[in-house]
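Observations on chain architecture
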Amino acid sequence: MDTKKIQLLVTSALLLLQNFLIIPQIFAEETSNVHIVYMGDKIYDNPETTKKYHHKMLSSLLGSKEDAKNSLLYSYKHGFSGFAARMTKSQAEDIAKFPEVVSVIPNGIHKLHTTRSWDFIGVHHSLAKTVFAESNSGEGTIIGVIDTGIWPESASFNDEAMGNIPSRWKGVCQVGENFNSTNCNKKIIGARWFLKGINDHTKNLILGKNDTLEYLSARDAIGHGTHTASTAAGYFVENANYKGLASGIARGGAPLAHLAIYKVCWDVPVGHCSDADILKAFDMAIHDGVDVLTVSLGIDIPLFSYVDHRDTIAIGSFHATSKGITVVCSGGNSGPISQTVTNTAPWLITVAASTIDRAFPTAITLGNNLTLWGESIDNGKHNPGFAGLTYSERIARDPADDLAKDCQSGSLNKTKAAGKIVLCFSVSNQQDIVSAALTVKEAGGVGLIYAQRHEDGLGECGTLPCIKVDYEVGTQLLTYIRRARFPAARLSLPKTVIGKWISPRVASFSSRGPSTMSPTVLKPDIAAPGVDILAAFPPKGTKKSSGFTILSGTSMSCPHVAGIAALIKSRHPTWSPAAIRSALVTTASQSGTDGSLISEEGSTSKAADPFDIGGGHVDPNRAMNAGLIYNITTKDYIQFLCSMGHNTASIRKVTKTSTSCNKQKSKTLINLNLPSISIPNLKRYTTVMRTVTNVGNIDVVYKAIVKTPYGIEVKVEPQILRFNSDTKVITFNVSFISTQKLHGGYRFGSLTWTDGEHFVRIPVAVRTIQFDS
């Protein structure tokens, strides 16, 4: 072959190689991903007309009806207008320029905020069916659950005492894998599942069923949704327990309420949920006719603006609330650090987590007959006798490193650990009791005692008996190990003990305020039980399962409040979501079982403040008879959004109303008629306006009682409110005057209106500002 031919072949090969390198680059630039095109409130009342409108827009963008059909995932056409579709970045930028489009955002991911509690907070439903006519059990209300689905066979969801399905109900029982129409009944009246958004995000991981036990249906593979649904509205189940622990009658807060299930969170990995799917769930819940929505999921810090459509919970709940649906959300599990609360939009009920008066103490008997106590829910096979007790650092595989102190994977010497109970100390955020138990098990150990700072909530280790102790008990155990010649211990089975602990306390993990997005909106609103809650759970394919488990998190406190909201809605069907929230907040308790102020579990224990528990701990019985309520309309929320700096044009795009932003924007922030007052920047003097509506006795007089924040003078005008048949709504002013000369933190107080029978209390938080950056 001559030189010219060789050069020609080389040149051709290089050009061919260059083309191969360019082609993937072109495809990479043109990769289609799911985007949400949000268009605000509905233009057309007919959903099919709205859908055709979306198709027409997408067709004009993509060039053909066929491309539009293949691209479209969801059309949002009931509670608001918009759609989710696959498109390239450049196409998303182009459609964002359409005049009817409010915003276009990439599909994001949210995460789950992962019995005795009802007796503890005073809801004493009777098992006797004859009593239901006289009691309030949420009859006739519909609670929507946006979560991981449901396990319909659970005894909590039987419908033997349920009333007829409300005639207003428009939902369906969507069939799918291991889920058919017979899985719905008069308790579970509807079930839908949404996975187009998450499936696109995970590149068909769910549809391919790779490494996932998911069901392509509303059936719950994770268990979270089953737990929350039964907490909110489960029917009575006698002898419910978790491996013999926490035994009793399980039931939800509103046992005669109906359930509508919206599965949006999937096992890819556990508990991930996409914006597109969440928004579609809100859209369908509005269409179907739910009264209350419980949403135990959220985004992480930093937060998005309430009209930033990356916070689909804020957007979806705005439209739901404007249609009269009460939306209850978990506040997050990032406590006890301040400024971590999420789901802070003013139209939401945001819930903190608290403890109840039940615990699972577990005895540790030492070789010298001393008994120390920890906590556990590991109720499996135990060796009833004594075993050698050792400290993890003593049996480190490599004494030169610190990995053995908290029993990190592979850190223990198998020869020295074999047959021993191992004491480990938590020293890093990378390790927890369950991981430490696996390390001890792999090394041949027979038990784990895990010393850590106080942290509420228990999890089962499963692999071997494990007991959680605090650092004080851990140090006592270590002292014994160092002194004894042959240290030994016996681990007992945990017990269920009720009524022996001061409670409630704010859970250590419960996220704290103030809200970083809108400090004038005091969050959380209220606290409810969220620690070691027993509720229904999928049996996970084992015959030994009781169908119940114990979980902790604001995910568990959220459905408690949703159940109570259904009780209030059943008794007061005309009340708005704001009225229901007001009744919950203004009647909440600030006292524990011993009569002292509720404390919060943080780095140190202290009296809980409004950023820990909002108005206080939920009191369902008092909430039924609130006396006065602080009501808020959709128009008020729109003015609040105006006051956050959004202009009239952008607000109108979201709400499709003619409401204009007023000129007193700064005042609107603190004057939104919330059942709380939060002033983050008091320089010298300011006045806040609130309005109350009488929902109690017709002729009644209320007097003001003020607990003033330290360093602040407070004046209420008028100090007496007189209601009669003609005067049902009264506006009052509260003036705050700073006496502080220094820049300081928040100080707390309260304002209570009382007629002698009702005590309508709102929390107050004020921060004095003497330094402007």
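Residues numbered from 1 in each chain as written. Predicted model: local features only at pLDDT ≥ 70, side-chain atom pairs only at ≥ 80, totals over all residues. Heavy atoms only, no water.

What the protein chain contains, in helices and strands, is 20 helices and 40 strands. When each of the 773 residues of the protein chain is scored for burial, the buried share is 57%. Accessible area of the protein chain: about 32,300 Å², with a carbon and sulfur share of 52%. (Helix = DSSP H or I, 4+ residues; strand = E, 2+ residues; numbered from the N terminus. Buried < 20%, exposed > 50% of the residue type's maximum accessible area, 1.4 Å probe, protein only. Areas by Shrake-Rupley, 256 points an atom, 1.4 Å probe, with all protein chains shown as cover.)

Enumeration according to the criterion identifies four disulfides in this entry. Cysteine 265 shares a disulfide with cysteine 273; S-S distance 2.1 Å. The sign of the S-S torsion, about 95°, decides the handedness of the disulfide formed by cysteine 265 and cysteine 273: right-handed. Given the relative accessible area of 0%, cysteine 265 is considered buried. A disulfide bridge connects cysteine 461 with cysteine 466, and the sulfur atoms are separated by 1.9 Å. Handedness of the cysteine 461-cysteine 466 disulfide follows from its S-S torsion of about 95°: it is right-handed. The exposure classification of cysteine 461 matches that of cysteine 466, with both residues buried. Lacking any disulfide linkage, cysteine 329 is separated from the closest cysteine sulfur, that of cysteine 558, by 6.0 Å. (Disulfide = S-S within 2.5 Å.)

Pairing is mixed across the open sheet formed by five strands, whose spatial order is S33-S40-S39-S35-S37. Pairing within the sheet leaves two strands with one partner each, and these edge strands are strand S33 (677-682) and strand S37 (720-723). In this sheet, neighbouring strand axes are inclined to one another by 20° on average, regardless of whether the strands run parallel or antiparallel. With nine bridges joining them, strand S39 (residues 746-754) and strand S40 (residues 759-768) adopt antiparallel strand pairing. Across the sheet, residue serine 750 finds its bridge partner in S40, namely proline 763. (Pairing = 2+ DSSP bridges. Axes fitted to C-alpha atoms, helices over the stretch in contact; angles between N-to-C directions.)

Locating histidine 78 in the fold gives a position in the loop between strand S2 (72-76) and strand S3 (82-87). Exposure remark for histidine 78: the relative accessible area of 11% places this residue in the buried category. Among all residues touching histidine 78, those that are not within four sequence positions of it are Lys42, Pro47, Asp283, Met284 and His287. (Contact = heavy atoms within 4.5 Å.)

Right, let's talk about the sheet that holds strand S1 (residues 33-38) for a bit. With antiparallel pairing, the four strands of this open sheet are ordered in space as S2-S3-S1-S4. With partners counted over all chains shown, the strands left at the sheet margins are S2 and strand S4 (103-106), one partner each. Each adjacent strand pair in this sheet contributes to an overall mean axis angle of 20°, direction not counted. Strand contacts of helix H2 (residues 47-62): S2 and S3, with the helix running at about 30° to S3, the strand carrying the most contacts. The sheet strands contacting helix H9 (residues 275-288) are S1, S2, S3 and S4, and the helix crosses S2 at an angle near 35°.

Before going further, it helps to examine the confidence of the model for the protein chain. Summing up the model confidence of the protein chain, the mean pLDDT is 87 and the portion of residues at 70 or higher is 87%. Every residue in residues 3-29 scores below 50 in pLDDT, and together they form two contacts with partners more than four places removed in sequence or on other chains. In the model, residues 126-135 has pLDDT below 50 throughout and makes 13 contacts with residues more than four positions away in sequence or in other chains. (pLDDT = per-residue confidence, 0-100.)

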